[in-house]
Amino acid sequence: ALDARTIYQSKYSMDILRQQLTGQLYFHNGPFSFSAAGRFQERISYKNYLLGDFRLGYRFSNAIDTYLDIQNIFDTTFTEIAAAPMPGRWVNLGLKYSWQTSR
């Protein structure tokens, strides 16, 4: 049997993705919009994990949008490359205003 510690020379090489599967769903109806995204990741030397993100939006006019974002909706504990711990669930509420100047 091969021992991965003798094959790899970099301390970060065991953090790379072995497999990743992503998907996104988007729905828009009138002023409402909804999107959901999912990501399954398998790293060489770490547990498999599933991440999910969600966004609900509402457009008041051509210039004003509001949204609610929930990232890492399952509150998954995971690390990225170099064993950097990533944040748990994030919730953001936002207001976006757009304007155009006439020429």
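Right above here is the structure, for reference.
Residues numbered from 1 in each chain as written. Predicted model: local features only at pLDDT ≥ 70, side-chain atom pairs only at ≥ 80, totals over all residues. Heavy atoms only, no water.

Undergrad: Any chance you could break down the packing of aromatic side chains for me, citing the residues and the numbers?
TA: Throughout the structure, instances matching the rule amount to five aromatic pairs. Aromatic pair Phe 34 and Phe 54: ring centres 5.2 Å apart, planes at 65 degrees, arrangement edge-to-face. Within this pair, whereas Phe 34 is found in strand S2 (residues 32–43), its partner Phe 54 is found in strand S3 (residues 49–59), the two being separated by 20 residues in sequence. Each ring, one from Tyr 58 and one from Phe 60, has its centre 4.8 Å from the other, and the planes form 75 degrees; the classification is edge-to-face. Since its relative accessible area comes to 29%, Tyr 58 is described here as partly exposed. Taken together, Phe 32, Tyr 58 and Phe 60 form an aromatic cluster joined through their ring pairs. Between Arg 55 and the ring centre of Tyr 67, over which it is positioned, the NZ or CZ distance is 4.2 Å. (Phe/Tyr/Trp six-rings, centres within 6.5 Å; stacked < 30°, edge-to-face > 60°. Helix = DSSP H or I, 4+ residues; strand = E, 2+ residues; numbered from the N terminus. Buried < 20%, exposed > 50% of the residue type's maximum accessible area, 1.4 Å probe, protein only. Lys NZ or Arg CZ within 6 Å of the ring centre and 35° of its normal.)

Undergrad: Describe the pairing of strand S4 (residues 64–71), with residues and values.
TA: Looking along a regular strand, one sees the side chains alternate between the two faces of the sheet. Sheet topology note: the S3/S4 ladder contains seven bridges and is antiparallel. In the strand pairing of S4, Asp 53 is matched with Gln 71. Following S3, the chain reverses through four residues before pairing antiparallel with S4. When S4 meets strand S5 (residues 90–97), the two strands line up antiparallel, connected through eight bridges. Pairing of Asp 69 across the sheet is with Asn 92, part of S5. (Pairing = 2+ DSSP bridges.)

Undergrad: Could you give me a rundown of the pairing of strand S1 (residues 17–29), with the residues and numbers involved?
TA: Counting buried residues along S1, only zero of its 13 residues qualify, which leaves the element largely exposed. Summarising the sheet, S1 and S2 pair through twelve bridges and their orientation is antiparallel. Residue pairing in the sheet places Tyr 26 in a bridge with Ser 35 of S2. What sits between S1 and S2 in their antiparallel hairpin is a turn of two residues, with Gly 30 showing a positive phi close to 60 degrees.

Undergrad: Break down the environment of Ile 44 for me, citing the residues and quoting the values.
TA: Counting through the fold element by element, Ile 44 comes out in the loop between S2 and S3. Ile 44 gets classed as partly exposed once you look at its relative accessible area, which sits at 22%. Here the alpha-carbon distance between Ile 44 and Gln 19, two residues 25 residues apart in the chain, equals 8.8 Å.

Undergrad: Help me get a handle on a nonpolar patch on the surface, residues and values and all.
TA: Together, Leu 21, Phe 40, Leu 50 and Phe 74 give the surface a local cluster of nonpolar side chains, amounting to about 400 Å² of exposed area. Along the chain, Leu 21 turns up in strand S1. Residue classification places Leu 21 among the exposed residues on the basis of a relative accessible area of 59%. (Patch = residues over 30% accessible without salt bridge, like charges linked within 9 Å, V, L, I, M, F, W, Y side chains within 5 Å. Areas by Shrake-Rupley, 256 points an atom, 1.4 Å probe, with all protein chains shown as cover. Salt bridge = Lys/Arg side-chain N within 4 Å of Asp/Glu carboxyl O.)

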